[in-house]
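Below, each chain spelled out in residue letters.
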Amino acid sequence: MKKLVIRNIDQGALMKLNKILKNTFLVLFACLVLSACATSKKSTGQMQGDVYTGTDTVEYLASGVPDRVFFATNESVLTTASRETLRKQAAWLRKNSDITIVLEGHADERGTREYNLALGERRANAAKDYLMTYGISSNRISVLSYGKERPVDSGSNPLAWSKNRRSVTVKAN
Amino acid sequence: MRNLIILFLIFIIPTKAFGLIEVDITRGNLNPLPIAVSPLSIDDESKKSFEKTLKKKDIGSEISKVIEKNLKISGLFNPLDKNAFLQAPDIAHLKPRFEDWNLIKAQALITGKVKNVDDKLRVEFRLWDVLAGKEMMALAFTTVPNNWRRVGHIITDKVYERLTGEKGYFDTRIIYVAEEGPKTKRIKKLAIMDQDGANNKFLTLGNELVLTPRFNPTSQMVTYLSYFRNLPRVYLLDIETGIQEVVGDFPGMTFAPRFSPDGKKIIMSFAKDGNSDIYTMDLENRIVEKITNHPSIDTSPSYSPDGKFICFNSDRSGYQQIYVMKSDGSNVKRISFGNGLYGTPVWSPRGDLIAFTKLHKGKFYIGVMRTDGSGERLLTENFYQEAPSWSPNGRVLIFYRETKTNDKGEGFSAKLWSIDLTGYNERLVDTPTDASDPSWSSLLSN
């Protein structure tokens, strides 16, 4: 009698365990599919090489005029997308000739503080030079480097770093 | 501070004990010397009066705690447990019973006596060689009571120098940047503290971003970068008076400042039109000189202790590397040739080494190399660390380390760490808040 009861309990527990395991596998499988989506989005949707191409952090100076451009690690070269953004900014600035701007240059956290201050200044100046070639007078533009002091994303991963390597155009008046 | 400096009253010439005990400073903390710090004895009357003025029950034992902590932090000494001491402090100070101290395996013994003399603090101490059964040195100081921690530091400096043959670094201060708040909106303040973390004081309120404070090696002046009014400029601050001023009149960002070894010049970077070069400004006649002239980023300059050379950081080869030049900017030579990027070179006060930060395969290292770039030695590896600063005797490096955040961007912290030149004795330096950009002062007294 006693034995039987114990077996019954055991069987019940086993069945439960099976159910739990099945469910876990389902959940695990779902997780895998989801994370696969997430990682593929990371590599193709939001970064090209290590330059950020997403729009999560981007704000707009006016409709259709993004406020920032992004850079590769240790680089201050403007990408095709960055040049397009800056041309839009230049057009907007030509239409609004009373507006002055500050170009804020930033670096990611993977560099020494002092070098990054210089790098941020170099990035902001790359943007400034491009705006000037599109007819924006240098006395409407000032440059401010924050180095790695003002990240937008506090993550310690390549995607976060790519969002932080940027030059942001800010209205000064 | 200098005018408060301790008067030496008695100066008993160290009795010759011919180095029967000797600390092997080349071996780091592998075999720290067992030392007994007997609580400094104090008479009841002095004890009561100091308790009133300093709010410390027994100032004698408080001073001995300062000494003990210093010796322990150095990694070269092992201060023994006071509970094991057999002899009373006052009697030990007169004549130690060496057998008792030998029994607990002490090789050196510090004893002392504290007294109130005309409301001044008079402290005498003796250092004993337990094995030889001899006195090694004896000194006495008189100072204002508030200086009691400094007395502990000066005693440690004397003991350290007597036992290692090198100058100490305990009567010194650290200036650094205190940090608070989320990583994306960090609030930063200048802060200063004693080398052991005591007497922490904030020097700015946190209204503007401040970075990279550095001590003048000859005075209580500090140079640093401030974003006051959103104009990043190098400033000069007198930490005694609180008076500050902008250094020079540059039409753009100045940064990465340091003093020349004689304290008369500031060397720094000036960024204009996407190019950073190195400049100096003479603090007396305000004359500005351009030292480098190159379309690359030239920054993080640091003088050799004789003032004849400058090491700095440049990406003229395509990536950050370390270069050395004469102080007039001539004879530029690259000295770093290992794998990876090199930054923040700092010349050792002894002159023979340059400490640096290295980035290689996603890891950051603090290391040292000879001034010609040979003999590179990495002392510590981490997710992120940089900006080493030398102790004034060129024995210890202090730097800061930042943690990796998790996937949600949480868990960020920045802390000060120190490490011995040998790569041993890595230690977290306690600060009341998060901290970065440390700079070590010279010895306050000699």
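Procedures and definitions
- Residues numbered from 1 in each chain as written.
- Chains lettered and ligands numbered in written order.
- Predicted model: local features only at pLDDT ≥ 70, side-chain atom pairs only at ≥ 80, totals over all residues.
- Helix = DSSP H or I, 4+ residues; strand = E, 2+ residues; numbered from the N terminus.
- Buried ≥ 20, exposed ≤ 12 C-beta atoms within 10 Å, placed from the backbone.
- Contact = placed C-beta atoms within 7 Å.
- Pairing = 2+ DSSP bridges.
- Axes fitted to C-alpha atoms, helices over the stretch in contact; angles between N-to-C directions.
- Nonpolar A, V, L, I, M, F, W, Y, C, P; charged D, E, K, R; others polar.
- Domains from an automatic or database assignment.

Caption draft 1: Quick peek at the overall build of chain A. Counting its regular elements, chain A contains four helices and eight strands. Overall, chain A shows an N-to-C arrangement of helices and strands of α-β-β-β-β-β-α-β-α-β-α-β. Looking at the 173 residues of chain A, the share that counts as buried comes to 39%. Looking at chain A alone, contacts between residues at least 24 apart form 69% of all its contacts between residues at least 6 apart.

Caption draft 2: Region of interest: the sheet that holds strand 12 (residues 221-226) of chain B. All names here are of chain B. Across the sheet, which stays open at both edges, the four strands sit in the order 11-12-13-14 with antiparallel pairing between neighbours. Looking at strand neighbours, the two that pair on one side only are strand 11 (210-215) and strand 14 (244-246), the edges of this open sheet. Here the average twist between neighbouring strands, direction ignored, is 25 degrees. Alignment of strand 13 (residues 233-238) against strand 14, held across three bridges, turns out to be antiparallel. Looking across to strand 14, one finds that L237 is bridged to Q244.

Caption draft 3: View of the interface of chain B and chain A. Taken together, the 32 residues of chain B in the interface contact 23 residues of chain A. Elements with a contribution of two residues or more to the side of chain B that touches chain A: strand 11, strand 15 (254-259), strand 16 (265-272), strand 19 (298-303), strand 23 (341-347) and strand 27 (384-390) of chain B. When the residues that make up the side of chain B that touches chain A are grouped by side-chain class, the tally is twelve nonpolar, 15 polar and five charged.

Caption draft 4: Spatial organisation of the domain arrangement of chain B. Residue and element names in this part refer to chain B. Split into domains, chain B comes out as domain 1 (2-164) and domain 2 (173-440). Centre-to-centre, using C-alpha coordinates, domain 1 lies 35 Å away from domain 2. With seven residues of domain 1 at the interface, the matching set in domain 2 holds eight residues. The dominant element in the side of domain 1 that touches domain 2, judged by the number of residues it contributes, is helix 2 (residues 59-74), at three residues. Looking at side-chain class alone, the side of domain 1 that touches domain 2 contains one nonpolar, four polar and two charged residues.

Caption draft 5: Spotlight on the sheet that holds strand 10 (residues 201-202) of chain B. Residue and element names in this part refer to chain B. On the basis of which strands lie adjacent, the open sheet formed by four strands has the order 10-9-8-31 and antiparallel pairing. Across the chains shown, the open sheet's two edge strands, defined by having one partner strand only, are strand 10 and strand 31 (434-440). As paired elements, strand 9 (residues 187-194) and strand 10 share two bridges and run antiparallel to each other. Paired with A191 across the two strands is F202, which belongs to strand 10.

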